[in-house]
Amino acid sequence: MEFVHKSVLLNETIENLNIKPDGIYVDGTLGGAGHSYEICKRLSDRGRLIGIDQDKDAIAAATERLKPFSDRVTIVRNNYCNFKSILDELNISAVDGMLLDLGVSSYQLDNVDRGFTYRADAPLDMRMDDRQDKTAKDIVNGYSERELFRIIHEFGEDKYAKSIAYHICRYRENKTIETTEELNDIIRGSIPAKARNGKGHPSKQTFQAIRIELNKELEVLTNSIDDMIKSLKPGGRLCIITFHSLEDRIVKNAFRKNENPCICPPNFPVCTCGRVSLGHVVTRKPIVPGEEELEENSRAKSSKLRVFERV
Ligand SMILES: C[S@@+](CC[C@H](N)C(=O)[O-])C[C@H]1O[C@@H](n2cnc3c(N)ncnc32)[C@H](O)[C@@H]1O
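These numbers were taken from a predicted model, which means no experiment stands behind them.

Caption draft 1: Spatial organisation of the packing of helix α12 (residues 217-230) against helix α13 (residues 245-259). Contact geometry for α12 and α13: axes closest at 10 Å, N-to-C directions at 25°. Here α13 runs roughly parallel to α12, going by the angle between their axes. In the crossing of α12 with α13, the sense of the turn from one axis to the other is right-handed. Together, E217, L218, L221, T222, I225, D226 and I229 of α12 and L246, E247, I250, V251, A254, F255, K257 and N258 of α13 make up the contact between the two elements. Looking at the contact of α12 with α13, its residues break down into nine nonpolar, two polar and four charged.

Caption draft 2: Structural context of the pattern of salt bridges. For the coordinates displayed, the defined rule picks out 29 salt bridges. With a closest N to O distance of 3.3 Å, E145 and R170 form a salt bridge. On the criterion of sequence distance, the pair formed by E145 in helix α7 (residues 145-154) and R170 in helix α8 (residues 161-172) is long-range, its members being 25 residues apart. Look at E145 and you get partly exposed, because its relative accessible area is 29%. A salt bridge links R306 to D248, with the shortest nitrogen-to-oxygen separation between them at 2.7 Å.

Caption draft 3: The packing of aromatic side chains, seen in detail. As enumerated under the stated definition, the model contains four aromatic pairs in all. Here the aromatic rings of Y118 and F207 are separated by 5.6 Å at their centres, their planes lie at 85°, and the arrangement is edge-to-face. Placement of Y118 in the loop between α5 (106-110) and α6 (136-142) and of F207 in helix α11 (residues 204-214) is noted, with a sequence separation of 89 residues between them. By the burial criterion, Y118 is buried, and F207 matches it. Positioned above the aromatic ring of Y37, the side-chain terminus of R65 is 4.6 Å from the ring centre.

Caption draft 4: Layout of the site of the ligand. Taken together, 26 residues form the shell around the ligand, and within it S7, H35, D53, D101 and Q108 come nearest. A distance of 2.9 Å separates a nitrogen atom of the ligand from a polar side-chain atom of N79. A distance of 2.9 Å separates an oxygen atom of the ligand from a polar side-chain atom of Q108. In a pocket analysis with a 2 Å cut-off to the grid points, the ligand is assigned to the largest cavity.

Caption draft 5: Representation of the pairing of strand β2 (residues 48-53). Within β2, five of the six residues are buried, which leaves the element mostly enclosed by the surrounding structure. Direction of pairing for strand β1 (residues 24-27) relative to β2: parallel, over a ladder of four bridges. From the neighbouring strand, Y25 faces β2, where its bridge partner is L49. Handedness of the β1-helix α2 (residues 34-41)-β2 crossover: right-handed. The handedness of the β2 to strand β3 (residues 73-77) crossover, carried by helix α3 (residues 56-65), is right-handed.

Caption draft 6: Geometry of the layout of surface pockets. Its boundaries defined by the atoms lining it, the largest pocket holds a volume of some 1000 Å³. Within the residue set of the lining of the largest pocket, elements represented by two or more residues are α5 and α11. The biggest single contributor to the lining of the largest pocket is α11, with five residues.

Caption draft 7: Representation of unusual backbone geometry. Backbone geometry places L9, a non-glycine residue, at a positive phi of 50°. Structurally, L9 can be placed in the segment before α1 (10-17). One non-glycine residue with positive phi stands out, namely N18, at about 50°. Positionally, N18 belongs in the loop between α1 and β1.

About the criteria used
- Residues numbered from 1 in each chain as written.
- Predicted model: local features only at pLDDT ≥ 70, side-chain atom pairs only at ≥ 80, totals over all residues.
- Heavy atoms only, no water.
- Axes fitted to C-alpha atoms, helices over the stretch in contact; angles between N-to-C directions.
- Helix = DSSP H or I, 4+ residues; strand = E, 2+ residues; numbered from the N terminus.
- Parallel < 35°, antiparallel > 145°, perpendicular 65-115°, else oblique.
- Left-handed = near helix turned anticlockwise from the far one by under 90°.
- Contact = heavy atoms within 4.5 Å.
- Nonpolar A, V, L, I, M, F, W, Y, C, P; charged D, E, K, R; others polar.
- Salt bridge = Lys/Arg side-chain N within 4 Å of Asp/Glu carboxyl O.
- Buried < 20%, exposed > 50% of the residue type's maximum accessible area, 1.4 Å probe, protein only.
- Phe/Tyr/Trp six-rings, centres within 6.5 Å; stacked < 30°, edge-to-face > 60°.
- Lys NZ or Arg CZ within 6 Å of the ring centre and 35° of its normal.
- Near = heavy atom within 4 Å.
- Polar contact = N/O pair within 3.5 Å; in protein donor to acceptor, adjacent residues only side chain to side chain.
- 1 Å grid on protein atoms, 1.4 Å probe; cavity = no way out; pocket = protein on both sides within 12 Å on 5 of 7 lines; lining within 4 Å.
- Sits in = over half its atoms within 2 Å of the grid points.
- Pairing = 2+ DSSP bridges.
- Right-handed = clockwise from strand over helix to strand, strands pointing away.
- Points joined across faces, edges and corners; volume = space filled by probe spheres on them.

Spelled out as C-alpha cells, the structure:
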C-alpha cells in the first residue's frame with residue numbers, strides 16, 4: 001500500500017521553525033517526511049536533519065522521500081522519547097529546532113491491516129511499533145472493567161465509557177474479542193440508539209482511547225517536552241502539533257512551566273527557588289489551520305500548533 005499522508009499546518013510549522021541553512025533539526029515524528037522534506041529543502045549541505053519514527057513503514061517511506069537530501073539526513077527508527085541518547089550517539093549536544101506532529105498518520109489509519117481503524121474489519125492491533133508485543137487486543141481482553149472505564153473516559157472522553165467497559169467485559173466472558181468489527185458491534189450496543197444518531201462514528205472515541213493507552217502517547221509526550229526544550233540552542237524553537245485537547249493541554253502547561261518555572265509563593269518579594277526561565281512561549285494562542293486547509297484535509301480539523309523559543 002502506498003504511503004499517503006497530507007501534512008498538517010505545514011507552512012505555519014516551517015515558518016515558525018526559523019530554519020537556518022546550517023542548522024541542526026530534529027523531527028521526532030517523521031511519518032511520510034512531509035515536514036522534514038520542507039526542512040531539508042531549506043538546509044545547506046552543512047545543515048542536518050535527524051528524523052525519528054517508531055513505525056517501520058514510515059521509516060521506509062521517509063527514507064525514499066528524503067533520498068535527494070541523503071547527505072544531510074539521519075533517519076532513526078526509535079521512540080522520540082529516546083531523542084537524547086540518539087543525539088548523544090551522533091555527538092550532538094544541542095539543536096536549532098525540533099518538531100513533533102503527534103498521533104497517527106493517514107497511512108496508519110487507512111492501512112486496514114494495522115488495526116487502527118473502526119471503518120474496516122481487521123485484527124485489533126494499533127501498534128505504531130510492531131516490535132512491541134502488546135496489542136489493542138491485549139488491552140480489550142486483558143484490562144479490568146475499571147481500567148477500561150478509566151481509559152475510555154480519560155483518553156476518549158466518551159460519556160458512555162461506563163457502559164462500553166461493562167459491555168466489553170460481559171462479551172469477553174464468552175469469547176475473546178479479536179477484531180475491530182467485533183469491538184464496533186459491542187460499542188454500538190453500549191450506546192442508546194438515540195444518542196448515536198448524527199454524532200459521528202460511535203467507536204471513534206473508544207478507538208482513540210485504546211490507541212493512546214497502547215502507544216503510551218500522553219506519557220511519552222509529558223516526559224519529553226522539558227528535555228526537548230533543554231536540548232535547544234539559544235533562539236532554537238520547539239514546534240508541537242496536537243490533535244486533541246488532552247495533548248494540547250500537556251503542551252500548553254509544559255511550555256508555560258518552562259517559561260515561568262518559579263514556585264515561590266506569590267507574596268515573596270524576590271524569587272528564592274532559583275528556577276530560571278528557559279525561554280518564552282511564542283504562541284500565546286495556538287495556531288490553527290486556515291479555511292483552505294480545513295477544506296482540503298479533514299485530518300487538520302482539530303490540529304493546533306504551539307511554539308516555544310529557548311533563551
Ligand atoms: C502525524 S504523523 C507525522 C506526519 C509527518 N509530519 C508528515 O508530514 O509526513 C505521526 C508519526 O509519528 C509517529 N509517532 C507517533 N508517536 C511517536 C513516538 N512516540 N515516537 C516515534 N514516532 C512516533 C507515528 O508512527 C507517525 O508516523
